[in-house]
Amino acid sequence: MGVHNQRKEYGSMLVELGKKNPDIVVLEADLGKSTMSCMFEEAFPDRYFEMGIAEQNMTSFAGGLALAGKVPFTNTFAVFASGRAYDQIRQSIATAKLNVKIVGSSSGMSDFGDGATHQSIDDVAIMSAIPNMTVFTPCDGLEVRRAVEAAAQLEGPCYIRLCRNDLEDIFPADTAYRIGEPVVLREGTDVTVFTHGIMAHEALKAAAAAEKEGISVSVVHIPTIKPLNEEAVRTLSAGKKGVVVCEECSIRGGLNMLVSFALRGSGIPMESVAVMDVFGQSASSHEELLEYYGLDAKSIYRKIRKAAGKQEI
């Protein structure tokens, strides 16, 4: 099992796609060395646009490039990609179904040092609520490559959420990447844990701990929050004692709400792991924040036990 950084895999994949498709262009909001769009700049300087700290202008400019037949990828931190340019995304990109790919780097609380202003706990809810938008939340560096390739091939607006930090590889190399389709990372019979983004890592640790207690846990990763195959969610939950939904974003408007809606009327107990309607804060590490906000493996383990009908510990 290797370790890769989502941002670096993104930059590398952009260069690969740029070699194959001369219509791919990249726009940056003065963060190229962080988002790693600088890799594309080095390879294709004539197809790279440094827009400065002007996300709204960058987004509108990308719409114009899309109308001219280009495939633009815009880049900045997730909190700015989704929030600062929301009006331009909604009015100029999504309503016209323009072929713009919006990439939000340093998502969730992965920018642990910069605090609430730079941590995106609401980007999934914002982007999922926009009609015509496809929302990718890859779980590791290798899946980023497949998500970026899929987004480049898909006609229409896309949002790709990237973590800032290094991650172990967990996405199955032999799994066909299909937009909207859940991927089973671990089979189990008692509880199903649904995750998206980096939370798959914590969920797998929690599932392994639960197994030692005799609780069989299935871990299901959701590659795209939107679209989501609701029938697959129901099938993967059927016959279980309960389900747990994990995400590194707000409980409002994310996967928790989507799974809850998909399972309405089923009677299956559901437990939630998410950011509970609060902002983040500065810390010395990403792991410290995951623990503080109840997003780590220990917290998921407790929810698994509760979903399985065990007494609280």
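We now turn to the structure provided with this report. (Residues numbered from 1 in each chain as written. Predicted model: local features only at pLDDT ≥ 70, side-chain atom pairs only at ≥ 80, totals over all residues. Heavy atoms only, no water.)

Comments concerning the nonpolar core
For soluble globular proteins, nonpolar side chains are generally found buried alongside one another.
Consideration 1: F73 and I304 are the most contacted members of the largest nonpolar core, which totals 57 residues.
Consideration 2: If sequence neighbours within four positions are ignored, I304 has contacts with V191, V193, A206, A207, A210, I215, V217 and V244.
Consideration 3: Counting 37 residues, the second largest nonpolar core, distinct from the first, contains A62, L65, A81 and Y159. (Core = buried A, V, L, I, M, F, W, Y, C linked by side-chain atoms within 4.5 Å. Buried < 20%, exposed > 50% of the residue type's maximum accessible area, 1.4 Å probe, protein only. Contact = heavy atoms within 4.5 Å.)

A closer look at the packing of helix α1 (residues 6-20) against helix α8 (residues 141-153)
Consideration 1: As a packed pair, α1 and α8 sit with axes 8 Å apart at the nearest point and diverge in direction by 40°. Taken together, the axis directions place α1 and α8 in an arrangement best described as oblique. Remark: the crossing between α1 and α8 carries right-handed chirality. When α1 is examined against α8, the residues Q6, E9, Y10, S12, M13, E16 and L17 are found in contact with a partner set consisting of G141, V144, R145, V148, E149 and A152.
Consideration 2: The residue inventory of the contact of α1 with α8, partitioned by class, reads six nonpolar, three polar and four charged. (Axes fitted to C-alpha atoms, helices over the stretch in contact; angles between N-to-C directions. Helix = DSSP H or I, 4+ residues; strand = E, 2+ residues; numbered from the N terminus. Parallel < 35°, antiparallel > 145°, perpendicular 65-115°, else oblique. Left-handed = near helix turned anticlockwise from the far one by under 90°. Nonpolar A, V, L, I, M, F, W, Y, C, P; charged D, E, K, R; others polar.)

Things to note about the layout of surface pockets
Consideration 1: A volume near 400 Å³ is recorded for the largest pocket.
Consideration 2: L167, H201, E202, K205 and E287 are the residues nearest the centre of the largest pocket, which is lined by 16 residues in total.
Consideration 3: When contributions to the lining of the largest pocket are tallied by element, the ones reaching two or more residues are β8 (166-168), α9 (199-212) and α12 (286-292).
Consideration 4: Ranked by the residues each element gives to the lining of the largest pocket, the list is headed by α9, at four residues.
Consideration 5: Among the residues forming the lining of the largest pocket, the class breakdown is seven nonpolar, three polar and six charged. (1 Å grid on protein atoms, 1.4 Å probe; cavity = no way out; pocket = protein on both sides within 12 Å on 5 of 7 lines; lining within 4 Å. Points joined across faces, edges and corners; volume = space filled by probe spheres on them.)

A look at the pattern of salt bridges
Consideration 1: Here the structure, examined in full by the defined rule, presents 15 salt bridges.
Consideration 2: D123 is the salt-bridge partner of R161, the closest N and O atoms lying 2.8 Å from each other. Pair noted here: R161 is in strand β7 (residues 158-161) and D123 is in helix α7 (residues 123-128), with a separation of 38 residues, a long-range link. Across the pair, D123 and R161 agree in class, each one buried.
Consideration 3: E230 is the salt-bridge partner of R264, the closest N and O atoms lying 4.0 Å from each other. Residue R264 is located in the loop between α11 (255-262) and β14 (270-275), and its partner E230 is located in helix α10 (residues 230-237); the two are separated by 34 residues in the primary sequence.
Consideration 4: Under the relative-accessibility criterion, E230 is labelled partly exposed at 28%.
Consideration 5: Connected through shared salt-bridge partners, E230, E231, R234 and R264 make up one network. (Salt bridge = Lys/Arg side-chain N within 4 Å of Asp/Glu carboxyl O.)

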